[in-house]
Amino acid sequence: MLSYISDNASTLLRWTGWHVVLSLAPLFIGLALALPIGWLANRYRLVYAPLVAVTGLLYTIPSLALFVFMPLILGTQILSPVNIIIALSLYTLALLVRTVADGLASVPDDVTQAATAMGYKGLGRLIRVELPIAVPVIAAGVRVATVSNVSLVSVAAIIGVPQLGQLFTSGFQLQYYTPIGLGIIGCVILALVFDAIILGVTKVLTPWRRQEATP
Amino acid sequence: MINQIIDWLTDPAHWSGTEGIVHRLVQHLEYSAISLVIAALIALPLGMYIGHTGKGTFLIAGIANSFRALPSLGLLTLIVLVMSGSLPFSIAYLLPTVIVLVLLAIPPILTNTYAGIQNVDAEARDAAYGMGMTGGQVLTQVETPCALPLIISGIRSAALQIIATATVAAYVSLGGLGRFVIDGLAQQDFPQMAAGAVLVAVLALLVDLVLIAVQRFVVSRGLTGRYARTTASSDVIEAESVNTLSTAR
Amino acid sequence: MIVSAISVRLKHMIRFDGVSKQYPDGTKAVDELTLEAPTGQITVLVGPSGCGKTTSLRMINRMIEPTGGRILIDDRDTASMNAAELRRGIGYVIQHAGLFPHRTILDNVTTVPKLLGWDKKQARDRARELLDRVGLSSELVDRYPGQLSGGQQQRVGVARALAADPPVMLMDEPFSAVDPIVRHQLQDEFLRLQDELGKTIVFVTHDIDEAIKLGDQVAVLRVGGHLAQLAAPADLLARPVDDFVADFVGRDRGYRALGFARSGEIPVHAEETVRLGSEVSVDGGSADRWVLAVDSDGRPAGWVDRASSDDTGPAEGSRLHRGGTTAKQDGTLREALDAALSSPSSRGVIVDADGRLLGTVTAQEVLDLIEARRSDARSGAGAGSGTG
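Residues numbered from 1 in each chain as written. Chains lettered and ligands numbered in written order. Predicted model: local features only at pLDDT ≥ 70, side-chain atom pairs only at ≥ 80, totals over all residues. Heavy atoms only, no water.

A. Structural view of the interface of chain A and chain B. Counting from both sides, the interface comprises 48 residues of chain A and, opposite them, 48 residues of chain B. In total, chain A and chain B occlude about 4,200 Å² of area from one another, counting both sides; carbon and sulfur atoms represent 78% of this. When residues of chain A are sorted by the area they lose upon contact with chain B, Thr-60, Ile-158 and Phe-172 of chain A head the list and together hold 15% of the total. Here chain A is connected to chain B by zero salt bridges. Linking chain A with chain B are three residue pairs in polar contact (both at pLDDT 80 or more). Of all elements in the fold, only helix 3 (45-60), helix 4 (63-74), helix 5 (81-105), helix 7 (122-155), helix 8 (166-174) and helix 9 (177-205) of chain A reach the threshold of two or more residues within the side of chain A that touches chain B. Of the residues assigned to the side of chain A that touches chain B, the class counts are 32 nonpolar, twelve polar and four charged. (Contact = heavy atoms within 4.5 Å. Buried area = accessible area lost by both parts, 1.4 Å probe. Salt bridge = Lys/Arg side-chain N within 4 Å of Asp/Glu carboxyl O. Polar contact = N/O pair within 3.5 Å; in protein donor to acceptor, adjacent residues only side chain to side chain. Helix = DSSP H or I, 4+ residues; strand = E, 2+ residues; numbered from the N terminus. Nonpolar A, V, L, I, M, F, W, Y, C, P; charged D, E, K, R; others polar.)

This is the structure we're talking about:
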């Protein structure tokens, strides 16, 4: 395995880089969209049910199918990494809209009212009071989305988009265990590293929860 | 392009025969159903046992986190490669695939069953024991019925996971609807590929709808919140969001 | 107290015999508790949090196993019985009712009869009868617990505990999760029900007022699970054994003790009245400015101030001062005193069982009566305090 790594170091490094980009870019895009939409879903309960239904619908579409749809909808090349980024952004968004809405809903009413009584309003109250309290719930969703993304990205290897998933396809074609094992280990390590980073950021953002055990 | 896909789908020749849509659909459902049943047979009792007794909770956290990180394509290629050489040709691809599908379907069912049982109102459980129910009666008459919403959403996640991964399994020479995607890709036949994707998406959607209907049917109206709803604690929301929407596809 | 004289011959339904509960980390929840809960009576365990009252209750139906001593029901050691069977014979009511959210009200109530293998029809008929008895209308039986208010849920909890007609009931703060008005309602109905049923009840509460109101006997526990005092409510108020009990029973215990003293045939003065709606004579002659308005059945409606300059006209509407309470002649000294203190004329209105005016009494007269009772009690000590 070590000789395989040293022989293919530059390719492995490039694939890892792509894997990181393809996993994280959708996370940021998805989260950036999910925050306002989730806020809307929580603020206007009427849109909650339809929003959750629509995003749930998105979530049922198998990843390979969604990757194939993307060029059709976006007019991109089938091999373009943009397809993967957009498709995974949709999954992330689907998962996080509900998480953000539920997270904001988990803010106790008396806290919101106390904040309003002290003079917070609108966006200020959202950013200074509600979002921080919702962080644990949102972070739990972000962790799931991130770890899922790392695994989903590798499926794109079937279509031929370069990243660590290529190790599975080439290993399978060559009937060669080493790249497959390496790919699995690489994916798991990436997922664990991302997970640890999110966990760390959550802890920094929620100092009042530090005494509690993490789930 | 859309027209080409519709043409492909409406061509009767594409529906019949061993390479046809009907046959592929039946295959897909077959692998999925077998895997889901096996996974449920393993994960349901285990989750009920852990939730009821509180023993082995470390399994839940460990399994939920590590399995989600495992790339399904990697697992698929590895297990097929390891096993196929030593298996008779007829099941050389099926058995390893089913193993992978079961492995991926266990975590959502297991964690949701556990969380569902564990989240049962402590007072209801206390009252059940106080009225003279045995442990088994508490589990079957109180805990499990109350946990059904979460259990079934775990099964839904597992079913979607299985259908998605079974599509990917066409890459390792398995039948099913994924064949159209993989073959279309290999033959540069984009309409076939997209039609396959449409079929898979529709199948996933229909299966999910069927399971939602089952959920409506078996879950007590007292729990569905179609009446008065008590506000869920943040812990429950956290567990629900994580568990029901979990898993890669 | 006739009951105590007889109960010597009766067997005691529930007996704690040196019962202790010590947890593995060494903390003692209950320490050598010896206590008898007599047949057909309400025994209330009361004390601050951490006094082991709930632990003691839960040891009776073995939801918690004692680490020392024995608990006997009808002289049978509970430890020798099958826990599930033991519990099926004991009604169990807890704070938030603990109803099964997935079952209808009717199915909740039939739980224990079903566990006991009753016929389905018989169980349902019994459940309907009980739900009616605890004051729930029949249209609620097919609803789910989530559709009921806290007070309604608690009634279902009581009905469910009574379903298999157990001789013993355990109640753990059953009324503390509802608002005060509903709580008083539930307490009153509970007492009425107990009058009919005569169950042997052990009742846990942290609320001394509830304990005094409901208990035939009250056990005050102190932190660490020690029994501080076991007494009838009136005795507890009159003679707390130590500072802890005195403090726990509360500051105005002297006043509250009056709630247990019957006023008996309290002598009343005839009161000048005016018929509701008729003109008030401004010149009251020898009487003072306040005159009592009564309705056509002779029930008091309110006081009228005939000296009032800005309010004239017939004795009705806003001319009536309704602030005063009334006391029944066979009620308690507390009611009589309160009637006098709350009356604008300083004369407390005393009524008969149907609410018709009998006459009035002044606060001083009630106080004199209280004094007379006290000296009676001192000279005739041991004659009993008369709660039963």
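B. Region of interest: the packing of helix 4 of chain A against helix 5 of chain A. All names here are of chain A. Packing of helix 4 against helix 5 brings their axes to within 9 Å, and their N-to-C directions diverge by 120°. Here helix 4 lies oblique to helix 5, going by the angle between them. Here the hand of the crossing between helix 4 and helix 5 comes out right-handed. Contacts between helix 4 and helix 5 pair Ser-63, Leu-66, Phe-67, Met-70, Pro-71 and Leu-74 from the former with Asn-83, Ile-84, Ile-86, Ala-87, Leu-88, Leu-90 and Tyr-91 from the latter. Looking at the contact of helix 4 with helix 5, its residues break down into eleven nonpolar, two polar and no charged. (Axes fitted to C-alpha atoms, helices over the stretch in contact; angles between N-to-C directions. Parallel < 35°, antiparallel > 145°, perpendicular 65-115°, else oblique. Left-handed = near helix turned anticlockwise from the far one by under 90°.)

C. Structural detail: empty space enclosed by the protein. All names here are of chain C. One pass over the structure, following the stated rule, counts four cavities of 30 Å³ or more. Counted as a void, the second largest cavity has a volume near 90 Å³. Counting only elements with at least two residues in the lining of the second largest cavity, the list comes to helix 7 (150-162) and helix 8 (180-197). Counting residues per element, the lining of the second largest cavity draws most heavily on helix 8, at five residues. When grouped by side-chain class, the residues that make up the lining of the second largest cavity number six nonpolar, no polar and four charged. (1 Å grid on protein atoms, 1.4 Å probe; cavity = no way out; pocket = protein on both sides within 12 Å on 5 of 7 lines; lining within 4 Å. Points joined across faces, edges and corners; volume = space filled by probe spheres on them.)

D. Quick look at the packing of helix 2 (residues 21-53) of chain B against helix 5 (residues 94-118) of chain B. Residue and element names in this part refer to chain B. With their axes 7 Å apart at the nearest point, helix 2 and helix 5 run at an angle of 35° to one another. Crossing of helix 2 over helix 5 shows right-handed handedness. In terms of residue class, the contact of helix 2 with helix 5 is made up of 22 nonpolar, six polar and no charged.

E. The nonpolar core, seen in detail. Phe-67 of chain A together with Ile-109 of chain B are the most contacted members of the largest nonpolar core, which has 120 residues in total. The biggest single contributor to this core is helix 5 of chain A, with twelve residues. Counting 45 residues, the second largest nonpolar core, distinct from the first, contains Leu-136, Ala-163, Phe-190 and Val-220 of chain C. (Core = buried A, V, L, I, M, F, W, Y, C linked by side-chain atoms within 4.5 Å. Buried < 20%, exposed > 50% of the residue type's maximum accessible area, 1.4 Å probe, protein only.)

F. Molecular detail of the environment of Thr-112 of chain A. Residue and element names in this part refer to chain A. Structurally, Thr-112 can be placed in helix 6 (residues 109-117). It is 9.1 Å that separates the C-alpha atoms of Thr-112 and Leu-126, two residues lying 14 residues apart in sequence. In this structure Thr-112 touches Val-107, Arg-125 and Glu-130, once residues within four positions along its chain are discounted.

G. Quick look at the interface of chain B and chain C. Counting residues at the interface gives 22 residues for chain B and 24 residues for chain C. The contact between chain B and chain C buries some 2,000 Å² in all, and 64% of this surface belongs to carbon and sulfur atoms. A per-residue breakdown of the area chain B buries against chain C is headed by Glu-123, Asp-126 and Met-131 of chain B, which together make up 29% of the total. The tally of links between chain B and chain C comes to one salt bridge. Here Arg-58 of chain C ties to Asp-126 of chain B by a salt bridge, and the two come within 2.8 Å at their closest N and O atoms. Counting across the interface, chain B meets chain C through seven residue pairs in polar contact (both at pLDDT 80 or more). Looking at the side of chain B that touches chain C, the elements with two or more residues in it are helix 6 (122-130), helix 7 (135-168) and helix 10 (221-224) of chain B. Top element by residues in the side of chain B that touches chain C is helix 6 of chain B. It accounts for seven residues. Residues belonging to the side of chain B that touches chain C are distributed by class as follows: twelve nonpolar, seven polar and three charged.

H. Here's a closer look at the sheet that holds strand 17 (residues 357-362) of chain C. All names here are of chain C. Taken together, three strands build an open sheet; the order of strands is 15-16-17 and the sheet is mixed. Edge positions in the sheet fall to strand 15 (326-328) and strand 17, since each has one partner strand and no second. Neighbour-to-neighbour, the strand axes of the sheet open up by a mean angle of 35°, direction not taken into account. The pairing of strand 15 with strand 16 (residues 347-351) spans three bridges and is classified as parallel. Paired with Ala-327 across the two strands is Ile-350, which belongs to strand 16. (Pairing = 2+ DSSP bridges.)

I. Just the environment of Gly-17 of chain A, in detail. Relative to the helices and strands, Gly-17 of chain A resides in helix 2 (residues 9-43). Taking C-alpha positions, Gly-17 of chain A is 9.0 Å from Leu-164 of chain A, a pair spaced 147 residues apart along the chain.

J. Just the pairing of strand 9 (residues 217-222) of chain C, in detail. Residues and elements named next belong to chain C. Counted residue by residue, strand 9 has five buried out of six residues, so it is predominantly covered. Pairing geometry for strand 3 (residues 42-46) and strand 9, over four bridges, is parallel. Note that in strand 9 the partner of Val-46 across the bridge is Val-220. Sheet topology note: the strand 9/strand 10 (residues 226-231) ladder contains five bridges and is antiparallel.

K. Quick peek at a nonpolar patch on the surface. Residue and element names in this part refer to chain A. Nonpolar side chains collect at one region of the surface, where Met-1, Leu-2, Ile-5, Ile-185, Ile-189, Val-193, Ile-197, Val-201 and Leu-205 lie side by side and expose about 820 Å² of accessible area between them. Considering every element that reaches the nonpolar patch, the biggest residue donor is helix 9, with six residues. Mapping Ile-5 onto the fold places it in helix 1 (residues 2-7). On the accessibility criterion, Ile-5 (31% relative accessible area) is partly exposed. (Patch = residues over 30% accessible without salt bridge, like charges linked within 9 Å, V, L, I, M, F, W, Y side chains within 5 Å. Areas by Shrake-Rupley, 256 points an atom, 1.4 Å probe, with all protein chains shown as cover.)

L. Quick look at helix 7 of chain B. All names here are of chain B. Taking 1.5 Å per residue, 34 residues should reach 50 Å; helix 7 reaches only 43 Å between its end C-alpha atoms and comes up short. Of all the bends in helix 7, the largest measures some 55° and sits at Leu-148, one to four residues before the proline Pro-149. Taken across its 34 residues, helix 7 has 27 buried, putting it largely inside the fold. (Expected span 1.5 Å × (residues − 1). Bend = angle between axes of the 7 residues up to and from the residue.)

M. Molecular detail of the side chain of Glu-130 of chain A. Residues and elements named next belong to chain A. By the secondary structure assignment, Glu-130 is in helix 7. A relative accessible area of 8% places Glu-130 in the buried class. The contact partners of Glu-130, leaving out residues within four places of it in the chain, are Leu-104, Val-107, Thr-112 and Arg-125.

The analysis is restricted to geometry; functional conclusions fall outside its scope.
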